[in-house]
2 protein chains.
Amino acid sequence: MRELPIHIELEPRSGKTLYEQIYEYIREEIRQGNLLQDERLPSARFLSEYLQVSRTTVDMAYGQLVAEGYLVARPKRGYFVGDVRELYNTGMADQQDRTETLQKGKSPGLRYDFSPNAIDMSQFPYATWKKITKNILVDARSHMFALGEPQGDMELRRTICRYLHGSRGVNCDPEQIIVGAGNDFLLLLLEKILGRHIHVAMENPTYIRAYKIFRSFAYPISLIPLDDRGIRVDRLEESGAKLAYVMPSRQYPTGISMPIGRRMELLRWAQGERERYLIEDDYDSEFRYKGKPLPSLQASDRMGRVIYIGTFSKAIAPAIRVSYMVLPYPLLERYRRECGFFSSTVSRIDQTILNEFISEGYFERYLNKMRKLYRTKHDLLLGELRELLQFFSVSGENAGLHVVLTDKRGRSEAALEQAAADADVKVYGMGSFYMEERAGQGAESRMKSRPATMILGYGGLAPEQITEGIERLKGCWM
Amino acid sequence: MRELPIHIELEPRSGKTLYEQIYEYIREEIRQGNLLQDERLPSARFLSEYLQVSRTTVDMAYGQLVAEGYLVARPKRGYFVGDVRELYNTGMADQQDRTETLQKGKSPGLRYDFSPNAIDMSQFPYATWKKITKNILVDARSHMFALGEPQGDMELRRTICRYLHGSRGVNCDPEQIIVGAGNDFLLLLLEKILGRHIHVAMENPTYIRAYKIFRSFAYPISLIPLDDRGIRVDRLEESGAKLAYVMPSRQYPTGISMPIGRRMELLRWAQGERERYLIEDDYDSEFRYKGKPLPSLQASDRMGRVIYIGTFSKAIAPAIRVSYMVLPYPLLERYRRECGFFSSTVSRIDQTILNEFISEGYFERYLNKMRKLYRTKHDLLLGELRELLQFFSVSGENAGLHVVLTDKRGRSEAALEQAAADADVKVYGMGSFYMEERAGQGAESRMKSRPATMILGYGGLAPEQITEGIERLKGCWM
């Protein structure tokens, strides 16, 4: 074995735990290239003796590094430095997740991260959540610990139904609702309901995880371009797809809100042939700072062609693994006949807590608070951006948690990203949301025809971070 | 509208809530055929005025009846009596679920239900669970409400790893473990890892939900007969399958424990060709009343061919929607490459509670208590059965939560089931676990060649119910 590459100086009074110090030290060594791919780490036993810390402390640090991809554990052989290039890819994939909360040191990151997916948990009513949990557990006897209905508890479904009707105009009965542990699970279930080899159309650019999920289904995927009113229905019609995955209330990541005329075109497309369906992903319709939100697409659907999907992960907390899907009746029957045996993925306890949180009005109050908070950040960001507007146009504002800047001077996204990174600011080029650009296909030609477009999320940043981050962007982009 | 068919006499002092009384009245009317399929119920508003109860009370009763399939809600039209034949089918499907807890009035049932899937929650340490939850929520800040690792939190995976190693001899690293909200979800994920059109072999008889799940994948399924040592590996080899779903430690529902020789044959089969895998469903290995349990099949696997699946739903509580899957390294790599973006289906809070419950020793203590309790029931059942043994042989005893009785006198399962039902006792003929008999294929010929075999579960019954239930069986089967 080569000389021990670990020279950590543990500082008991640094305010950091020993585990964190070991973890951060090794992570930095890898990031800075002092530890190279496939290089072997000292055994946990050796390191714990060498550093005079407990074996558990070293195990935890190594475990965390393995979990994050910095290290790879090979059975019977030990720990090795992982493929860090892959790590950056993974990091990118994580950033596409729409429900991350920023965690210090979670992935190799820049100081001011304008992630479009980060949310602010600082105002979450932890005390209320705890109180509800406590009360529920006081009452809870065995029925709460039993397996619930596959579709979710009737009471929660009724509450969701009322909420969706009131806030999004969704027309449904509780029996049409399926509660599941996250959108990904609901899409897995939907594949079983819809069947195989369904030709799906997606907006381009789009939500990358949904794209990956459809790809994992081996569904043929058509990418449909957008104009300023959203997905182009003429191109959708041409594609021959049977299913379209759309985000009408606020397209991700462009922020386009689909006007009523286009919605009607879309519904007419769905009604044009038997067995055509629309998946409406209404992922962050809760946050709108100006004007009234349009009701959901589902609200205008008279023919049972819209599958409505929503989640509490964004509006409450990512840990709340509760999403819901509203099935039109023909699909509901198919679900019951062919998929009704899949058991529920959400515990009844969690369903009961959530039901209480919503039906007692806490959710509404929290949403109001968050709307105000995000609006403040939104307004601050737009204010700070003002000077940049000679070089960029803004779109996608007034709702959601990010805005979109389009460059007027013919610069490339890569150049803008790199300049920002040099100033310790992370911004997100639109290119990575175009699937064919992501795959390197036609990227050259498309990039030429499309001006550089940058995504700036503000949900997870504190006001002073927004101010300082934009200050730095002005410094390097103007 | 025809004359109001609801003549409920509500009894405020009956000890039952008004909601229960309405629910039970209508259910009985439907069961007894006084309300027929497609018959329309009075509107909830009308009924609440007529009965002078709150609208919510009627809504709840109707909602429950809809949830259970007795009623169907048609939007804008009202409530109608559902297809009750379908209801009985659904009831059957539920009984195949291995983790039900008996709930009063849940489905049209007999008084003494020897369901092989019912478990006893009477000894569950609710207070401990509440205490852990409370403590965790006291410490919990935002990181607990963030989205966790797709595979599950490292700490929980480490705990599961230690537990599996200690109790089942499973050889794995925490990084090989994927935590998910139930076996069904893990199988959905596994389909994405293994790919499409995988020819799967299953034991026959087998666990029906797994069969349905593979069928929903459109996997070609070969049903492999068992001998007294478990799945016949010669027939497995002949089938041409690439994947086999097996329950070596205690086959469901036969209760056969696969001896080491057969296990070795099975592993040799898996190693015989590239890309052959075994799914080991180790679903209730926790309960064994005599002798030492054999370690898992995975423990003997040196070539990375066993996918090990287990759950806490049976050993802790069905509401604990936490199962785990141990992937061999080649599949782990494929998972990370192709499925690593599927986000976790278990909230971090729930993962943390479970981790605490196990790592603080409560799980072990609870298991010991349950082993004792189930052993008592097991011994009682065997004692009560003694007189029946001139007409039946017993197998599958000494472990799990059910025993198997094989008739010596050439009677049919249907006749035995019916005789029991007439005495208000529910027992389960083995025929419904043979997939081709279930489908009506070859049922005739197979039934002739196979003696009637009845499954008697005791997990969910109180001792006096076991005694009385067997007393009744003696009365009608002897």
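Residues numbered from 1 in each chain as written. Chains lettered and ligands numbered in written order. Predicted model: local features only at pLDDT ≥ 70, side-chain atom pairs only at ≥ 80, totals over all residues. Heavy atoms only, no water.

### Observations concerning the overall build of chain A
Here is step 1 of the chain: Looking only at helices and strands, one finds 18 helices and 16 strands in chain A.
Here is step 2 of the chain: The buried share of chain A, reckoned over its 478 residues, is 59%. (Helix = DSSP H or I, 4+ residues; strand = E, 2+ residues; numbered from the N terminus. Buried < 20%, exposed > 50% of the residue type's maximum accessible area, 1.4 Å probe, protein only.)

### Notes on the interface of chain B and chain A
Here is step 1 of the chain: Each partner contributes to the interface: chain B provides 66 residues, whereas chain A provides 65 residues.
Here is step 2 of the chain: Of the roughly 5,700 Å² buried between chain B and chain A on both sides combined, carbon and sulfur atoms contribute 61%.
Here is step 3 of the chain: Where chain B touches chain A, the interface holds four salt bridges.
Here is step 4 of the chain: Between A:E191 and B:R196 there is a salt bridge; the shortest N-O distance is 3.1 Å.
Here is step 5 of the chain: The tally of links from chain B across to chain A stands at 18 residue pairs in polar contact (both at pLDDT 80 or more).
Here is step 6 of the chain: Of all the secondary structure elements, the ones that give two or more residues to the side of chain B that touches chain A are α3 (55-67), β1 (71-74), α5 (126-139), α6 (154-168), α7 (183-194), α8 (208-216) and α12 (348-359) of chain B.
Here is step 7 of the chain: Here the element with the most residues in the side of chain B that touches chain A is α5(B); it accounts for seven residues. (Contact = heavy atoms within 4.5 Å. Buried area = accessible area lost by both parts, 1.4 Å probe. Salt bridge = Lys/Arg side-chain N within 4 Å of Asp/Glu carboxyl O. Polar contact = N/O pair within 3.5 Å; in protein donor to acceptor, adjacent residues only side chain to side chain.)

### A few points about the relation of the copies chain B and chain A
Here is step 1 of the chain: When chain B is fitted to chain A, the residual RMSD is 0.2 Å, and the transformation amounts to a turn of 180° plus an axial shift of 0.0 Å. Considering both components of the superposition, the chain copies are consistent with a two-fold axis.
Here is step 2 of the chain: When you check the interface residues of chain B against chain A, 98% turn up at the interface there too, and the contact is symmetric in its surfaces. (Least-squares fit on C-alpha atoms with pLDDT ≥ 70 in both.)

### Structural notes on a nonpolar patch on the surface
Here is step 1 of the chain: A surface patch of nonpolar side chains, amounting to about 220 Å² of accessible area, comprises B:I260, B:M264 and B:L294.
Here is step 2 of the chain: Position of B:L294 among the secondary structure elements: in the loop between β9 (277-281) and β10 (306-311). (Patch = residues over 30% accessible without salt bridge, like charges linked within 9 Å, V, L, I, M, F, W, Y side chains within 5 Å. Areas by Shrake-Rupley, 256 points an atom, 1.4 Å probe, with all protein chains shown as cover.)

### Details of the sheet that holds strand β16 (residues 453-457) of chain B
All names here are of chain B.
Here is step 1 of the chain: Judged by pairing direction, the sheet is antiparallel, and its four strands sit side by side in the order β12-β13-β16-β15 without closing on themselves. Either end of the sheet is taken by a strand with one partner, and the two such strands are β12 (392-395) and β15 (428-429).
Here is step 2 of the chain: Where β15 and β16 come together, two bridges link them in antiparallel fashion. In the strand pairing of β16, G429 is matched with M454.
Here is step 3 of the chain: Taken strand by strand, helix α13 (residues 362-385) contacts β12, β13 (402-407) and β16, and its axis lies near 20° from that of β13. (Pairing = 2+ DSSP bridges. Axes fitted to C-alpha atoms, helices over the stretch in contact; angles between N-to-C directions.)

### Describing the sheet that holds strand β15 (residues 428-429) of chain A
Residue and element names in this part refer to chain A.
Here is step 1 of the chain: Read across the open sheet, the four strands follow the order β12-β13-β16-β15; overall the sheet is antiparallel. Edge positions in the open sheet fall to β12 (392-395) and β15, since each of these has one partner strand only.
Here is step 2 of the chain: Strands β12, β13 (402-407) and β16 (453-457) of the sheet are contacted by helix α14 (residues 362-385), whose axis makes an angle of about 20° with β13.

### A look at the side chain of B:D301
All names here are of chain B.
Here is step 1 of the chain: Topologically, D301 is positioned in the loop between β9 and β10.
Here is step 2 of the chain: One buried charged side chain, D301, makes no salt bridge at all; its nearest oppositely charged neighbour is R305, positioned 6.4 Å away.
Here is step 3 of the chain: Of note is the side chain of D301, whose polar atom sits 3.2 Å from the backbone nitrogen of G304.
Here is step 4 of the chain: Among all residues touching D301, those that are not within four sequence positions of it are L267, Q271 and V306. (Lys, Arg positive; Asp, Glu negative; His and termini not counted.)

### Re unusual backbone geometry
Here is step 1 of the chain: With an omega of 5°, the peptide bond between A:N204 and A:P205 qualifies as cis.
Here is step 2 of the chain: Along the polypeptide, A:P205 turns up in the loop between β5 (200-204) and α9 (208-216).
Here is step 3 of the chain: With a phi angle near 55°, A:Q52 is a residue other than glycine that sits in the positive phi range.
Here is step 4 of the chain: Along the chain, A:Q52 falls in the loop between α2 (44-51) and α3 (55-67).
Here is step 5 of the chain: Phi is positive for B:H197, close to 55°, though the residue is something other than glycine.
Here is step 6 of the chain: With respect to the element layout, B:H197 can be found in the loop between α7 and β5 (200-204).

### A few points about the packing of helix α7 (residues 154-168) of chain A against helix α13 (residues 348-359) of chain A
Residue and element names in this part refer to chain A.
Here is step 1 of the chain: In the contact formed by α7 and α13, the axes pass within 9 Å of each other and the chain directions differ by 35°. Judged by the twist between their axes, the crossing of α7 over α13 is left-handed. Facing E155, L156 and T159 of α7, the residues of α13 in contact are Q351, L354, N355, I358 and S359.
Here is step 2 of the chain: Among the residues making up the contact of α7 with α13, the classes are represented as three nonpolar, four polar and one charged. (Left-handed = near helix turned anticlockwise from the far one by under 90°. Nonpolar A, V, L, I, M, F, W, Y, C, P; charged D, E, K, R; others polar.)

### Details of the pattern of salt bridges
Here is step 1 of the chain: On inspection of all chains with the given rule, the structure shows 51 salt bridges over all chains.
Here is step 2 of the chain: A salt bridge links B:K192 to B:E191, with the shortest nitrogen-to-oxygen separation between them at 3.3 Å. Neither B:K192 nor B:E191 differs from the other in exposure class; each is buried.
Here is step 3 of the chain: Overlapping salt bridges, with partners in common, bring together A:E191, A:K192, A:R196, B:E191, B:K192 and B:R196 in one network.

### Quick notes on the pairing of strand β2 (residues 78-81) of chain B
Here is step 1 of the chain: In terms of strand pairing, β1(B) meets β2(B) through four bridges, oriented antiparallel. Looking at the pairing, B:A73 lines up with B:Y79 of β2(B).

### Some points on the pairing of β1(B)
Here is step 1 of the chain: Burial of β1(B) is one-sided: the residues B:L71 and B:A73 facing one way are buried, the residues B:V72 and B:R74 facing the other way are not.
Here is step 2 of the chain: Where β1(B) hands over to β2(B), the hairpin turn is made up of three residues, of which B:K76 adopts a positive phi near 70°.

### Remarks on the confidence of the model for chain A
Residue and element names in this part refer to chain A.
Here is step 1 of the chain: Confidence along chain A averages 86 in pLDDT terms, with 88% of residues attaining 70 or more.
Here is step 2 of the chain: Overall, residues 86-107 carries pLDDT values under 50, and its contacts beyond four positions in sequence, including any with other chains, amount to 57 contacts.
Here is step 3 of the chain: Interface predicted TM-score (ipTM) for the complex: 0.74; the corresponding pTM is 0.77. (pLDDT = per-residue confidence, 0-100.)

### Structural notes on the environment of B:G291
Residue and element names in this part refer to chain B.
Here is step 1 of the chain: Assignment of secondary structure puts G291 in the loop between β9 and β10.
Here is step 2 of the chain: Assessed through its relative accessible area of 64%, G291 is described here as exposed.
Here is step 3 of the chain: Along the sequence, G291 and R55 sit 236 residues apart, while their C-alpha atoms lie 58 Å from each other.

### Considering the packing of aromatic side chains
Here is step 1 of the chain: Summed over the entire model, instances satisfying the criterion amount to 45 aromatic pairs over all chains.
Here is step 2 of the chain: When the centroid spacing of 6.5 Å and the interplanar angle of 40° are considered together, the rings of A:Y163 and A:F312 count as tilted. Note that A:Y163 is positioned in helix α7 and A:F312 in the loop between β10 (306-311) and β11 (323-326), a separation of 149 residues in sequence. Each member of the pair, A:Y163 together with A:F312, is buried.
Here is step 3 of the chain: With a centroid separation of 5.8 Å and 80° between ring planes, the pair formed by B:Y252 and B:F433 is classed as edge-to-face. Placement of the pair is B:Y252 in the loop between β8 (243-246) and α10 (260-271) and B:F433 in the loop between β15 and α15 (435-438), with a sequence separation of 181 residues. For the pair B:Y252 and B:F433, a shared accessibility class is recorded, and that class is buried.
Here is step 4 of the chain: Among the aromatic side chains, those forming a connected cluster through ring pairs are A:F124, A:Y126, A:W129, A:Y163, A:F312, A:Y324, A:F357, A:Y362, A:F363 and A:Y366.
Here is step 5 of the chain: Directly above the ring of B:Y428 sits B:K426, whose terminal nitrogen or CZ lies 5.0 Å from the centroid. (Phe/Tyr/Trp six-rings, centres within 6.5 Å; stacked < 30°, edge-to-face > 60°. Lys NZ or Arg CZ within 6 Å of the ring centre and 35° of its normal.)

### Describing the packing of helix α15 (residues 413-422) of chain A against helix α18 (residues 463-477) of chain A
Residue and element names in this part refer to chain A.
Here is step 1 of the chain: The geometry of α15 relative to α18 is characterised by a closest axis approach of 9 Å and an angle of 125° between their N-to-C directions. One finds that α15 runs oblique with respect to α18. For the crossing formed where α15 meets α18, the hand is right-handed. Of α18, the residues touching α15 (which contributes L416, A419 and A420) are L473, C476 and W477. (Parallel < 35°, antiparallel > 145°, perpendicular 65-115°, else oblique.)

### What about helix α11 (residues 260-271) of chain A?
All names here are of chain A.
Here is step 1 of the chain: For α11, spanning twelve residues, the distance from its first C-alpha to its last is 16 Å, which sits close to the expected 16 Å at 1.5 Å a residue.
Here is step 2 of the chain: All of the buried residues in α11 are R262, R263, L266, L267, W269 and A270. Buried residues of α11, seen end-on, are gathered within an arc of 155° and therefore sit on one face of the element.
Here is step 3 of the chain: Packing partners of the buried residues in α11 comprise β6 (221-227), β7 (230-231), α10 (233-239), β8 (243-246), β9 (277-281) and β10. (Expected span 1.5 Å × (residues − 1). Arc of directions from axis to C-beta.)

### Some remarks on α13(A)
Here is step 1 of the chain: In this model, α13(A) (twelve residues) spans 16 Å end to end at C-alpha, consistent with the 16 Å of a helix rising 1.5 Å per residue.
Here is step 2 of the chain: Note on α13(A): the residue one or two positions beyond its end, A:G361, has a positive phi of about 90°.

### Notes on the nonpolar core
Here is step 1 of the chain: Within the largest apolar cluster, 136 residues are counted, with the highest numbers of intra-cluster contacts made by A:F145, B:F145 and B:L456.
Here is step 2 of the chain: Within the second largest apolar cluster, 88 residues are counted, among which are A:L243, A:Y335, A:Y428 and A:M430. (Core = buried A, V, L, I, M, F, W, Y, C linked by side-chain atoms within 4.5 Å.)

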